[in-house]
Amino acid sequence: MQTRERKLKILKAVVEEYIKNGEPVGSKLLCNTLGFPVSSATVRNEMAELSEMGLLTQPHTSAGRKPSEEGFRCYVESLMEKKALSGSVKALISDELRSKSDDPESLLRKAGELTSELLSAAAITTTPFSENARIRKLRFVQTGRQTCMAVLITSTGLIKTKLFKCDYVITPDIVNIYETIFNRDMEGLPVRQVTPAYVQTQAVNMGEIAMLVPSVLAAIMDACGEVGGFSMTVAGRANLIDREEDIDIVRGLTRLLHSDEELESLMLRLRSGKRILIGSDTGNEALINHSFIAQPYTIEPASGGFITAILPMRCDYAYASSVLEYTAECVGRLIREILMIE
């Protein structure tokens, strides 16, 4: 076995033993767990070299070694093996999410709660990033003799409503006309294209009927104008905060978990492609001893959001990644079913 390969196997064993027991790992213990013959002296030498490389640390001279931040990062990026979920865990996730599959927002809220419970973590779910959202459907619900509500349903599952008032009596036949005309002309249109200029052009193209629908067009435009960015839900804050004893860490985590601005900044960093941020990777001082693990869910090729977990740096990355991956797979599938996307 080549020296580099042996070092990596030893690093992997140290990380996994430390994740399991939370104690520095000694060379004697490793000799009993490594799947190849090696002397205790060789293991000690390799661990010393891994420490010099910044991948392991030693709390004090007589102690064993534990992974550094860089050691965890190397493990996650190169050494971690996928961990299959049990049938019972998969069934739990699937059944719990299906019970909330009446609308996307309830589903995402449940996904966060379930993730936080399964991982004893704080969990953040986002609605789909909506810059590429399109109008999937426009509905109209009469609310009074001269008032109605426009309901915008986007390709990302987002629903926005706007009330409008007309200077004539609205009837069910008129509501049907609204739905026919506006879905015919606007279904599939990118939401960001519904600008004042578009509305003005649309009114011109509608001819005489435009005189009857200025408030309808204004309501649709206002609803489209509110489709931007994404929203988040946070579950399981206490899972992180209650296990901390250092008051400064508690304050930092509390501030972070209640700050939409800071959490939004973290979520946007995930869009660069990195799915596990460890310690300093997060760019947030409150998470210097924690890791941020994310999994995207997909509705359409260019549409989706994230399900994420914030955990202590010493956590079972393989299990957490598998839970998030399966949860995201279920969420994406169920939202596609809600929106009737094949």
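Starting afresh in each chain, residues are numbered from 1 along the sequence in its written order. Residues qualify for local features only when their pLDDT is at least 70, as the model is predicted, and side-chain atom pairs are given and counted only at 80 or more; totals for whole chains, interfaces and linings, by contrast, use all residues. Side-chain calculation: all heavy atoms of the structure are included, whereas hydrogens and water are not.

## Some words on the overall build of the protein
Step number 1: Helix numbering and strand numbering both begin at the N terminus, where a helix is a DSSP run of H or I of at least 4 residues and a strand a DSSP run of E of at least 2. Regarding its fold elements, the protein presents 13 helices and ten strands.
Step number 2: Computation of the radius of gyration draws on C-alpha atoms alone. For the globule rule, the value is 2.2 Å times the number of residues to the power 0.38. Here the C-alpha atoms of the protein give a radius of gyration of 26 Å, more than 25% beyond the 20 Å that 2.2 N^0.38 yields for 342 residues.
Step number 3: Within the protein, the proportion of its 342 residues that are buried is 47%.
Step number 4: Considering only contacts in the protein between residues 6 or more positions apart, those separated by 24 or more positions represent 62%.
Step number 5: Exposure was quantified through the Shrake-Rupley algorithm and a 1.4 Å probe, taking into account, for residues, occlusion by the shown protein chains and nothing else. Counting only carbon and sulfur atoms, one obtains 49% of the accessible surface of the protein, whose full area is about 16900 Å².
Step number 6: Charge assignment: positive for Lys and Arg, negative for Asp and Glu; neither His nor the chain ends contribute. Where a charge lies is defined by one atom per residue type, namely NZ (Lys), CZ (Arg), CG (Asp) and CD (Glu). Counting 39 positive and 44 negative side-chain charges, the protein places the centres of these two groups 4 Å from one another. Only protein chains enter the calculation, and the probe is 1.4 Å; a residue is then buried if its accessible area is under 20% of its type maximum, exposed if over 50%, and partly exposed in between. Whether two residues are in contact is decided by their heavy atoms, any of which lying within 4.5 Å being enough.

## Here we look at the sheet that holds strand E10 (residues 303-312)
Strand pairing in a sheet is mediated by backbone hydrogen bonds. Such pairs are either parallel or antiparallel.
Step number 1: At least two DSSP bridges between two strands are required for those strands to pair. Ordered by their spatial adjacency, five strands build an open sheet running E7-E3-E10-E9-E8, and the pairing between neighbours is antiparallel. Bordering the open sheet on either side are strand E7 (232-235) and strand E8 (276-278), each of which pairs with just one other strand. Mean inter-strand twist for the sheet, computed between neighbouring axes without regard to direction, equals 15°. Interaxial angle, 0 to 180 degrees, is taken between N-to-C directions of lines fitted to C-alpha atoms, where a helix line uses only the stretch in contact.

## A word on the sheet that holds strand E4 (residues 135-142)
Step number 1: Taken together, three strands build an open sheet; the order of strands is E4-E5-E6 and the sheet is antiparallel. Taken across any chain shown, the strands that pair with only one partner, and hence form the sheet edges, are E4 and strand E6 (159-165). Mean inter-strand twist for the sheet, computed between neighbouring axes without regard to direction, equals 20°.
Step number 2: Across seven bridges, E4 lies against strand E5 (residues 147-154) in antiparallel orientation. Pairing of Lys137 across the sheet is with Ile153, part of E5.
Step number 3: Together, E4, E5 and E6 form the strand contacts of helix H7 (residues 172-186), whose direction differs from that of E4 by roughly 165°.
Step number 4: Across the sheet, helix H9 (residues 214-225) touches E4, E5 and E6, and the angle it forms with E6 is around 150°.

## Structural notes on the confidence of the model for the protein
Step number 1: Per-chain confidence: the protein averages 90 in pLDDT, with 99% of residues scoring 70 or above.
Step number 2: pLDDT runs from 0 to 100 and stands for how confident the predictor is about each residue. Taken element by element, the protein is modelled with least confidence in helix H2 (residues 27-33), mean pLDDT 82, and with most confidence in helix H5 (residues 87-98), mean pLDDT 97.

## A short note on the nonpolar core
Step number 1: As used in this record, nonpolar core signifies buried Ala, Val, Leu, Ile, Met, Phe, Trp, Tyr and Cys residues forming a set joined through side-chain atoms within 4.5 Å. Leu30, Ile93, Leu97, Tyr317 and Val331 are the most contacted members of the largest nonpolar core, which has 56 residues in total.
Step number 2: Among the elements that make up this core, the one with the highest residue count is helix H13 (residues 317-338) (ten residues).
Step number 3: In contact with Ile93, other than residues within four places in its own chain, are Leu85, Leu114, Leu118, Val323, Tyr326, Thr327 and Cys330.
Step number 4: Membership of the second largest hydrophobic core comes to 32 residues, among which are Val191, Val199, Ala219 and Ile220.

## Focus on the packing of aromatic side chains
Step number 1: Any two rings among Phe, Tyr and Trp, with Trp reduced to its six-membered ring, count as a pair given centres within 6.5 Å; such a pair is stacked if its planes are under 30 degrees apart, edge-to-face if over 60, and tilted if neither. Enumeration over the complete set of coordinates arrives at six aromatic pairs.
Step number 2: Pairing Phe72 with Tyr317 gives two aromatic rings, centres 5.9 Å apart and planes at 50°, and the pair type is tilted. Of this pair, Phe72 sits in helix H4 (residues 69-79) while Tyr317 sits in helix H13, and the two are 245 residues apart along the sequence.
Step number 3: Measuring from centroid to centroid gives 5.4 Å for Phe140 and Tyr178, while their planes differ by 55°, and the two rings are tilted. Of the two residues, Phe140 sits in strand E4 while Tyr178 sits in helix H7, which places them 38 residues apart along the sequence. In terms of burial, Phe140 and Tyr178 fall into one category: buried.
Step number 4: Within the aromatic cluster, the residues linked to one another by ring pairs are Phe140, Phe164, Tyr178 and Phe182.
Step number 5: Seen from the ring of Tyr18, Arg314 lies directly overhead, with NZ or CZ sitting 5.9 Å from the centre. Here, over-ring charges are defined by two tests on the NZ atom of lysine or the CZ atom of arginine: distance to the ring centre within 6 Å, and angle to the ring normal within 35 degrees.

## A word on helix H12 (residues 260-270)
Step number 1: All buried positions along H12 are accounted for by Leu263, Leu266, Met267 and Leu270. Each buried residue of H12 sits inside an arc of 95° when the element is viewed along its axis, so together they form one side.
Step number 2: Among the structural elements, strand E3 (122-126), E7, helix H11 (247-257), E8, strand E9 (290-300) and E10 are those in contact with the buried residues of H12. The arc in question is formed by the directions pointing from the helix axis toward the C-beta atoms.

## Some remarks on the pairing of E10
Step number 1: Burial of E10 is extensive: ten of the ten residues sit out of reach of the surface.
Step number 2: Both E3 and E10 contribute to a ladder of four bridges, which runs antiparallel. What sits directly across from Ala123, in E10, is Ala309.
Step number 3: In this structure, E9 lies alongside E10, joined through ten bridges in antiparallel fashion.

## Some remarks on the environment of Asp95
Step number 1: Tracing the backbone through its elements, the reader meets Asp95 in helix H5.
Step number 2: On the basis of relative accessible area, Asp95 is assigned to the exposed category, the value being 54%.
Step number 3: Here the alpha-carbon distance between Asp95 and Cys330, two residues 235 residues apart in the chain, equals 9.9 Å.

## Section: the packing of helix H1 (residues 3-21) against helix H3 (residues 40-52)
Step number 1: Put simply, H1 and H3 touch, their axes get as near as 10 Å, and they point 85° apart. On the basis of the axis angle, H1 is roughly perpendicular to H3. Contacts between H1 and H3 involve Thr3, Arg6, Lys7, Ile10, Leu11 and Val14 from the first element and Thr42, Val43, Glu46, Met47, Glu49 and Leu50 from the second.
Step number 2: Ten residues, namely Ala, Val, Leu, Ile, Met, Phe, Trp, Tyr, Cys and Pro, are considered nonpolar, four, namely Asp, Glu, Lys and Arg, are considered charged, and the remaining ones, Gly among them, are considered polar. Of the residues contributing to the contact of H1 with H3, the split by class is six nonpolar, two polar and four charged. Here roughly perpendicular refers to angles of 65 to 115 degrees, roughly parallel to angles under 35, roughly antiparallel to angles over 145, and oblique to all remaining angles.

## Some thoughts on unusual backbone geometry
Step number 1: Not every positive phi belongs to a glycine, and Ser120 is a case in point at roughly 50°.
Step number 2: Tracing the chain through its elements places Ser120 in the loop between helix H6 (104-119) and E3.

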